[in-house]
Amino acid sequence: MALKGLDIFKLTPKTNCKECGSPTCMAFAMKVAQGAVDITKCPHMSDDALATLSEATAPPMKTIKAGTGDAEYTLGGETVLFRHEKTYVSKSRYAVSVSCCEENMDAKLEAAKTVDYDRIGERMHVEMLYLDYCGGCTPEGYAEFVKKAAESGKTLVLNCTNVDVAKAALDVCKDSKPILDGADASNYEAMSKLATEAGVVLGVRGADIIV
Ligand code: SF4
């Protein structure tokens, strides 16, 4: 549970030495409570206080990594759900959704490679592909689609709740560290085992990413 500024203040040395950059220990505690400053900026915290505060101020959202090389992205680790509440710690990524049975699937995958431009000094390009399983394709059919998408070099997110289909897809792309977005109440044990064996992150419907 998040600590309030006053709770954090009680754990500070209360010497107002200003070494943390704040004029008082109280001001520092308020900033820590807002997530604006890390608790380690105070060099005089006791180990016990640090242990208590590190646990209490840890982000409720787990930080994950997906993709490899230049396409490796860090996601999550946030203390808020909406960007207007506070600047996100990890940058939001741009993904395009494509379905394995989409009529213009090939054209869409090709188009995703061409979106690449500069916007006020920031490179804007498709960073991830969200690959929908239609529910009707065979495991081999979906795996073939995933293999084709993987050739783009973009980070993949497999939107698939069918364990057999997900396994076939991971067999062809697990080395690129995709996200397997496919666990729900009916399949989470099998999906968790699959994701652990493949060494990839597992997305859970209606909950945080947990593996
Ligand atoms: S460095 Fe620590 S003791 Fe000094 S003012 Fe900041 S919080 Fe207080």
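The structure we're discussing is the one just above.
Here the structure is a predicted model, which means the values were calculated and not measured.

## Here we look at the nonpolar core
If you look at the biggest cluster of nonpolar residues, it comprises 32 residues, and the most contacted ones within it are Leu-129, Leu-131, Tyr-142, Phe-145, Val-146, Leu-158 and Leu-180. Among residues more than four places away in sequence, those in contact with Leu-129 are Val-96, Leu-109, Ala-112, Ala-149, Ser-152, Lys-154, Thr-155, Leu-156 and Val-157. Among the nonpolar cores identified, the runner-up in size contains 12 residues, and Phe-28, Ala-29, Ile-39 and Ala-49 belong to it.

## A short note on the packing of helix H5 (residues 139-150) against helix H6 (residues 163-173)
Put simply, H5 and H6 touch, their axes get as near as 8 Å, and they point 35° apart. Note on packing geometry: the crossing formed by H5 with H6 is right-handed. Touching Pro-139, Tyr-142, Ala-143, Val-146 and Lys-147 of H5 are Asp-164, Val-165, Ala-168, Ala-169, Val-172 and Cys-173, all from H6. A class-by-class count of the residues in the contact of H5 with H6 yields 9 nonpolar, no polar and 2 charged.

## Topic: the pairing of strand E8 (residues 179-183)
Along E8, 5 of the 5 residues are buried, which leaves the element largely enclosed by surrounding structure. As judged from the 3 bridges shared by strand E7 (residues 155-159) and E8, these two strands associate in the parallel manner. In the sheet register, Asn-159 faces E8, and the bridge partner there is Asp-181. In this fold, E7 hands off to H6, which returns the chain to E8; that crossover is right-handed.

## A word on unusual backbone geometry
Negative phi values dominate among residues other than glycine, just as trans dominates among peptide bonds. The phi torsion at Lys-14 lies on the positive side, around 60°, for a residue other than glycine. According to the relative accessible area criterion, Lys-14 is partly exposed, its value standing at 43%. If you check the backbone angles, Asn-16 has positive phi at about 50° while not being a glycine. Assignment of secondary structure puts Asn-16 in the loop between helix H1 (5-11) and helix H2 (25-34).

## What about the side chain of His-125?
Within the element layout of this structure, His-125 appears in strand E5 (residues 122-125). Excluding residues that lie within four positions of it along the chain, His-125 makes contacts with Tyr-73, Tyr-94, Val-115 and Asp-116.

## Description of the pairing of strand E1 (residues 63-66)
Only one face of E1 is covered, namely the face carrying Ile-64 and Ala-66; the face carrying Thr-63 and Lys-65 is uncovered. Relative to strand E2 (residues 73-76), E1 runs antiparallel, the two being bridged by 4 bridges. Considered in E2, the bridge of Ala-66 is made with Tyr-73. Connecting E1 to the antiparallel partner E2 that follows it, the hairpin turn spans 6 residues, and Gly-67 within it adopts a positive phi of roughly 85°.

## Re the environment of Ala-71
Mapped onto the fold, Ala-71 is located in the loop between E1 and E2. Residues Ala-71 and Lys-154, 83 residues apart in the sequence, show an inter-C-alpha distance of 6.2 Å. Not counting residues within four places of it along the chain, the set of residues in contact with Ala-71 comprises Ala-66, Gly-153 and Thr-155.

## Observations regarding the sheet that holds E8
Read from one edge to the other, the open sheet built from 5 strands follows the order E3-E6-E7-E8-E9, with strand pairing classed as parallel. Every other strand in the sheet has two partners, leaving strand E3 (95-99) and strand E9 (201-204) as the edge strands with one partner each. Shown here is a sheet whose adjacent strand axes are inclined to one another by a mean of 25°, direction ignored. As defined by bridge partners, strand E6 (residues 128-132) adjoins E7 across 5 bridges and the pair is classed as parallel. Following the sheet pairing, Leu-129 is matched in E7 by Leu-156. On the sheet, H5 packs against E3, E6 and E7 and is oriented at approximately 170° with respect to E6.

Definitions and cut-offs
Residues numbered from 1 in each chain as written. Predicted model: local features only at pLDDT ≥ 70, side-chain atom pairs only at ≥ 80, totals over all residues. Heavy atoms only, no water. Core = buried A, V, L, I, M, F, W, Y, C linked by side-chain atoms within 4.5 Å. Buried < 20%, exposed > 50% of the residue type's maximum accessible area, 1.4 Å probe, protein only. Contact = heavy atoms within 4.5 Å. Axes fitted to C-alpha atoms, helices over the stretch in contact; angles between N-to-C directions. Helix = DSSP H or I, 4+ residues; strand = E, 2+ residues; numbered from the N terminus. Left-handed = near helix turned anticlockwise from the far one by under 90°. Nonpolar A, V, L, I, M, F, W, Y, C, P; charged D, E, K, R; others polar. Pairing = 2+ DSSP bridges. Right-handed = clockwise from strand over helix to strand, strands pointing away.

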